Each structure stands twice: as structure tokens, then as C-alpha cells.
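# Reading the structure
Next come the chains, spelled out residue by residue.
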Amino acid sequence: MSTAGSCRYRQAIPLGRHGGRLDSDTNAGVRRGFLPQGPRRYTPLRQPTAQRVMVDTVSAGTTTLLLLGTHTNAALLLMAHPHLRRNIERVYVSGGSVRATGNLFTAYGANPFAEFNVFGDPFAAYQVLHSGVPVTLVPLDATNTIPVTVEFFAEFGSRWQSTPEARYCFQSLDKVLKRDRKPGPDLHGSTGANMWDSFAAGVAFSAMRNGEANGGNEFAELEYMNITVITSNEPYGLRDGSNPFFDGRATPKFGLKEGGVHSGHVQTGIRDSFCLLPGNSSGRCQDGYTKEVSGSEGVRVRVATSAKPNTDNSSSLDREFSKSFLKVLNAPKQAGRFNINTQFPYYREVLYKPDFMNVSRRKPIIFDMDMSPGDFVSLIYLLKAPREVIDLKGVLVNGNGWANIASIDIIYDILHMMGRDDIPVGLGNTTALGTPTLGCTNAYAIPMGSGGFIDSDTLYGLARSLPRSPRRYTPECSDDSEDRQPLAFEVWQSIKKQLGPGEKITLLTSGPLTNLANISLSDKDASSVIERVYVVGGLIRDGGQEKGNVFTVPSNKYAEFNMFLDPLAAKTVIESNLNITLIPLTAQRRAASFEAVLEALEETHQTPELKFVHGLFSLLKELRRKHKLYRHVDMFLGEVLGAVYMVQGSDLESSVKLKPISVVANTTEVTDGQIVVSKQSSKLVKVLSHFNAEIYYNRLASSLANNTQSAVIGSFEEQMAIWSRPPNNIQSLDIPNSYSSTAMEDQR
């Protein structure tokens, strides 16, 4: 499927963006760790692919597949290695909806038939069902009949937490219910949640233990049905630009039949006009529908229709699987060895905060980032800058950029390492300005990796070397203000309230301008307290032929990613009355040499933070050299220029030019996000046009190497050593006098 095509199904998945009140004196976002920490980590290009693991496993002998998500991996295996089908005994599938209504609550108006797992890749699900391998389907028909009842939750919490994994599962369920729970009385015995995947695993386990053909299933009623998976909509053979298997191709992909069942209209989004019926609340598209059919198109599939009731009438649990689930989870055999508390005998959660009593703090700064690799280096640099020059007040996260929301944990870990657990982190919108909450306009341009955005994946493995902060990303909605992830606007409001008389805020943005645009539109007084905005991004078309960097959308030759991802926000901010200094792509490219920056870093003193930056840049350089997926990563080097220029601009032999510019927005992907010089524009923007690159690299390296404001705790390895010794014997931590540490009570 094309990059743009992947957006049509991604839109249906709701994005987490819960938040709550943020008080100036709270440690919002603090969460206690639970899972133990293992030595294995994700490494780009070295991480085994799903296909490699599956091929090796299935090749070794008879195998059962249990699919708890989309069917993409299994379909690729069966299509690329058809000879391995004989080794697959059966496929158990959690997903689909045969005789029940679908669960695409985000897209019900367009498609009332599909279930999320199958809708995520309908053609892959079709390939699995039609592969000839026996399939047992556990659809919504059955999972709807095993809700998490109030009685089950109470029983779980009061009696069944004797193993680490049981306690973890209960805590996870508790958090989910807190997030979804509405005020008022219980929902007539139901918590509103269902046991989907765990029930499917139980059905599969019972069938494998008792024999699929010979024994009855302990947990579910099953029957055979003839079903198929709908992948496109009639009329078939219609070339309307929606179907990536046919449209724009001389020969259909995968050898598909012209005019066949796969050649119709493919649902293009949750508000696809083809699927919507005027005056009707439910649509007509059936993409991902596991439909019961007759004739040759149907496949004989064993389908779970309902969960069996508990045979023990004296039990408060109403389903047989619910009873088994708690027993198995709490069985001492093969129980977890430890959680993070027992893994480290002196595990403590400590917040490190600087003491500003005798420090003259200067320019208040807010850093607005989208968590690309370069942004993390910029953050470390800002934390190293002398507090007599800048005072970093908060970090805003733009969820409309390169970030996977869970990457917020890396921000918390860096702040913890640098002794700045006082800095709040606010999550912004996950969609562009003017886009529906579940839209993904232009976000399809960000390249995907094995587990999300490819460059966020790169950080996941490397960031395992960072010390763990007690603060973690928390999507829950609860009454506890410390149990929520603050929103970007809430952090803005909190910082604004703390300003002294005459104080103004300087913002550094290194991502789409979604957060700042929303702040400006929501707070009419925002511009009065914003002194200046440094914008990292944009490429100005002023007669030159320099190309942009949106390499995933080749039709747009002159846009830069930050502007392209939210053109309307860029237009709103850049053409406003704010004092803007632009660090454009032209300047960033002069600071994008791996060789130069690594040479400068290697010639300086090695602080923990410098080692992390050196490791990140070295890894990106190696990835760029080895694999075409990473050819773009040098562009992240230039992003750091914005932070260095904001702090040390006068020392970089820099010069700026005033230019009347305008941003192209709400047109087409061919021109969206482009910046043009416009004589009609009354807005003059300062544009960084020149700086001394050699001085820049040396300034960056010397700042990272400076022992002043260096890491309070250098690595996770150092943290493990601390957690392995009694608190009164910890002599090696040596927290600087300018920091205070606060131990958090363990409330588990």
C-alpha cells in the first residue's frame, strides 16, 4: 500500500490526547514504574523482522498462529512462502464481525460493518482466510458476550493478585477503566470494557489442549460458517483513484483479476463521501467486513459465537473464561520473576530539581518540539545553556510531527538526567490546524518504521541507556491531577501565570506550528507576552532552485517538512503580528555534516550528555550509509541550529535578512507548505541567511562538553548501581549543591 494510502485506515484509530488541570506547583505526569528492565533493546537494521522470525519458526515444524491485530505479517508470510502453509496447523484470529455490528466507532457513519483488526488491512485478512489453512475466528459476535463486569473487576482486585503479572494486568485494567469511566453509578454491572484478545487466546488454548476437531471448547460456543473478507465496494472495476491495487497500474498488483471483487472502490477515509449516505447515520462501505456468504467466494471457517457461562453457579463470575483467566494468571508455575521493585532491592523514585535561590534567571524560554532526533539534541543543548542567559520554563510536544506519543517518556528521561524534573511537558494536538480530530492530513508524509515513525523507533533503542524518570506519559482521565498528561495549552497557561511584571516569553519551535497556532487562537493575549519566536523550518522560494525536503511527497518540490505537516498553522503564525525569526532549510543544510559535528564532539570532554548525542549522531550516520530508508536523516542535524542560534547567535558571525513572505496553505499537496516572497505581504520576517559553520560546530560541542549544568545522573547503568545499594550508602551520586532531590513514596 502506498504511503498516502496508509492514511485511510490510520485515521480510524483514535489518538490519545487526554489531559487535565496543571497547577504551577504540581509534579504533573508522575507515574510509578512497574515492569522490570531487561537488557535487550531495539536496534535499527539489527532487529529481526517479523517475517524473519515467522519464517524461522514455521520452517522448524508444525506451528499455530495466533493473530491479535491486523493480518499483514501473516499474509506476507503466506504469499511469499506458500510452501510453508503445510507447517501451519491452524490460525486463530481475534477480530472480525460476522453477525454482529462492527466497532469502527470513529467511522461508523461510513462503515458500520467492519472491526478494527480486519479493517486495518482487509486484503491481508482476505489472504489469510483464503489461504487454505484452517482458521478459527473469534469475532465481536463472541467478544461482545464477555464484558469486564463490575463483579469481575472487584474479584480481580480483591483476591487474584498473587503474581507480578497478575498485579500488572490489574493495574493496567484499572487505568483503562479510570480513563473510560464516566461519572455516576456503575453501568448496570458492566465497566464498559470487554475481554477481546485475552478471550481469543483462551479459546485457542482450549482448542489446542482438547483437540480442535474432537473436543468441545471450554470457553466458547463455535460453529462453522462460510465467510469472506470484503476488500472493496461495488461497482467492481470502477477506476476512481481509490484502489492502490488497480488504479494507476497497467497490471493489477498481486495478479488480481480486473473487474473482480477486489477492484471496486476502497474506503479512503473515515468521512469518505462515497461511503456516506445522505440522511443516514450508517454508511454503505464494507471494507474489512467478515461477511457471511454462499457460493465459491465463501471459505469454511470455525467461528466463535458466544462465551460460555460459568458452570460454577456459586461464583460471582458469570463466564467460564473469566474464572480460568484469573486462575492461570495467578498460577505459581511460570510466574514472573520480579517487577522493578524486586529486581532492584533499593529501588527509589527521586525527582531532581535545581535550586534557583541564588541564581539570576534571564530570558524565559518555551521549547516546542515534535520529537525528531534533532529535537532531543536541541533539548539537551538548551538544558546546558547558562541560566543567566536563558531559563527553560516548559516543553511542548507537537503530536502532529515525527513523534510517537509514547516518545514523551524520552523527554522525561532527558529532563531527569539533567536534573530538571521541574520542567513541565505538555502534549499538543495530534492533527493539523483545521483538520478533524481523527484526520491525518499531510501526516502520511512521515515515513513509517517497524513500530511507528521510523526515526522515533531509532530513538527507542538508544534511549534505553538514559536513566529512567519517575515521570511517564499518562493518557488517563482521572480526578487526580498528577495522573494525567498535561496539554500544551495548559502548560502555556501555567507558565504565563508565573511571569513577573514586564517579563515576556521567547519560543523556539522545531516542528509544525500547530501548538503555537492553537495557543494564539485560544489565548487572545498570547502575543502580548511573546517577545520573539524562533521558527526552525521553511524554505523560501525567492527565485532560487533549491528543493525542499518532503521526500515522501515528490510532487511537492519546494516545501519543508515542518511547514508541510501543518500549512494552515504555519500561515497563521508566520503571517501574524508575532516577532518571527526564521531558521530556514537553506541555513540548516549548512549545519548538516555528520563528519564535522562528530569531529567536533570527539575533540572535547566527554560528559554523559555529550556521549548520548555522539551515540545518536553516530547511529544516524551509520544508518544513512547502510540503508536507503535512512537517507533523509542528515536533515535532523540542521534542526539543532535553531537552539544554538537562539542562545549564541551573535557569536556565530551570523547575519539575517528581512523578507516579506507568505505561506501557501489549504491548496493541494503539490504546493501546501511552500513559502514565497510576496510583495503584497505586509509581514517582514527575519531570516537567518548566513553563519560560520565551523564556529557553530565548535560552540555546540563545547557547550555539551561543559561540566557546568552537566547530568545529575548519567545513565541507566548508574541508576541501577544506585538502586542496588542502601540509600545511606550512596556516596557516588554527588548531587551538585544547585540541585535538590525529592524521594517519592512508593504507593504500590
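Right, let's walk through the structure included here. Fair warning: this is a prediction, and the values are worked out from it, not measured in the lab. (Residues numbered from 1 in each chain as written. Predicted model: local features only at pLDDT ≥ 70, side-chain atom pairs only at ≥ 80, totals over all residues. Heavy atoms only, no water.)

### Topic: the nonpolar core
Stated formally: Among the buried residues, those of types Ala, Val, Leu, Ile, Met, Phe, Trp, Tyr and Cys that are joined through side-chain atoms within 4.5 Å form a nonpolar core. Only protein chains enter the accessibility calculation, which uses a 1.4 Å probe; a residue is then buried when its area is under 20% of its type maximum, exposed when over 50%, and partly exposed in between. Helix and strand assignments follow DSSP, with helices taken as H or I runs no shorter than four residues and strands as E runs no shorter than two, numbered in order from the N terminus. The contact criterion used throughout is that any non-hydrogen atoms of two residues lie within 4.5 Å.
With 85 residues, the main nonpolar core has L379, L382, I411, I414, F617, F691 and Y696 as its most contacted residues. Ranked by residue count, the leading element in this core is helix α22 (residues 635–648), at ten residues. Beyond its immediate stretch of four places on either side in the chain, I411 contacts M369, M371, F376, L379, V395, V397 and V425. Grouped together as the second largest cluster of nonpolar side chains are 33 residues, L396, I519, A570 and V687 included.

### Structural notes on the sheet that holds strand β3 (residues 135–138)
For clarity, the threshold we go by: Whether two strands pair depends on DSSP finding at least two bridges between them. Simply put, an axis is a line fit to the C-alpha atoms, just over the touching stretch for a helix, and the angle between two N-to-C directions goes from 0 to 180 degrees.
Reading across from one edge, β1-β2-β3-β8-β6-β7 is the order of the six strands in this open sheet, with mixed pairing throughout. Strands with a single pairing partner mark the edges of an open sheet, and in this sheet they are β1 (63–67) and β7 (290–292). Within the sheet, the average angular offset between the axes of one strand and its neighbour, ignoring direction, is 35°. Here strand β6 (residues 220–229) pairs with β7 via three bridges, running antiparallel. Directly across from I227, in β7, lies its bridge partner E292. Its contacts with the sheet place helix α5 (residues 122–129) against β1, β2 (88–94), β3, β6 and β8 (299–307), and it is angled at close to 115° to β6.

### Digging into the pattern of salt bridges
When their charged atoms lie close together, side chains carrying opposite charge are able to pair. Inclusion rule: Whenever Lys or Arg places a side-chain nitrogen within 4 Å of a carboxyl oxygen from Asp or Glu, that contact is recorded as a salt bridge.
What the rule picks out here adds up to 22 salt bridges. Taking the shortest distance from any N to any O, the salt bridge between R625 and E622 comes out at 2.7 Å. Within this pair, R625 and its partner E622 are both found in helix α21 (residues 608–626), separated by three residues, close to a single helical turn. On the accessibility criterion, R625 (58% relative accessible area) is exposed. A salt bridge links D634 to R624; the nearest nitrogen and oxygen atoms lie 3.4 Å apart.

### Topic: helix α24 (residues 716–723)
Operational definition: In this description, the arc belongs to the directions extending from the helix axis to the C-beta atoms. For the purposes of these results, a polar contact is taken to be a pair of N or O atoms within 3.5 Å, where, inside protein, one atom must be able to donate a hydrogen and its partner to accept one; residues adjacent in sequence count only when each atom of the pair is a side-chain atom.
Residues of α24 that are buried: F716, Q719, I722 and W723. The buried residues of α24 occupy an angular sector of 110° when projected down its axis, which confines them to one face. Here the buried face of α24 lies against α11 (340–343) and α13 (408–417). The N-capping residue of α24, defined by a side-chain oxygen 3.4 Å from the backbone nitrogen of E717, is S715.

### Observations regarding the packing of aromatic side chains
Heads up, the condition is: Pairs were defined over the aromatic rings of Phe, Tyr and Trp, the Trp ring being its six-membered one, requiring ring centres within 6.5 Å. Orientation was assigned from the angle between planes: stacked under 30 degrees, edge-to-face over 60, tilted for the rest. Our definition puts a charge over a ring when NZ of Lys or CZ of Arg is within 6 Å of the ring centre and also within 35 degrees of the ring normal.
This structure, assessed with the given rule, holds 22 aromatic pairs. Ring centres of F245 and F254 lie 5.6 Å apart, and the angle between their planes is 70°; this geometry places the pair in the edge-to-face category. Judged by centre distance (6.1 Å) and plane angle (75°), the ring pair of F716 and W723 falls under edge-to-face. In terms of burial, F716 and W723 fall into one category: buried. Here the aromatic residues F152, F153, F156, F170, F199, F219, F321 and F325 are joined through ring pairs into a cluster of three or more. A cation over a ring is seen here: R284 above F274, with NZ or CZ 4.0 Å from the ring centre. One residue, R468, lies across the ring of F716, its end atom 3.9 Å from the ring centre.

Just geometry here; none of it tells us what the structure is for.
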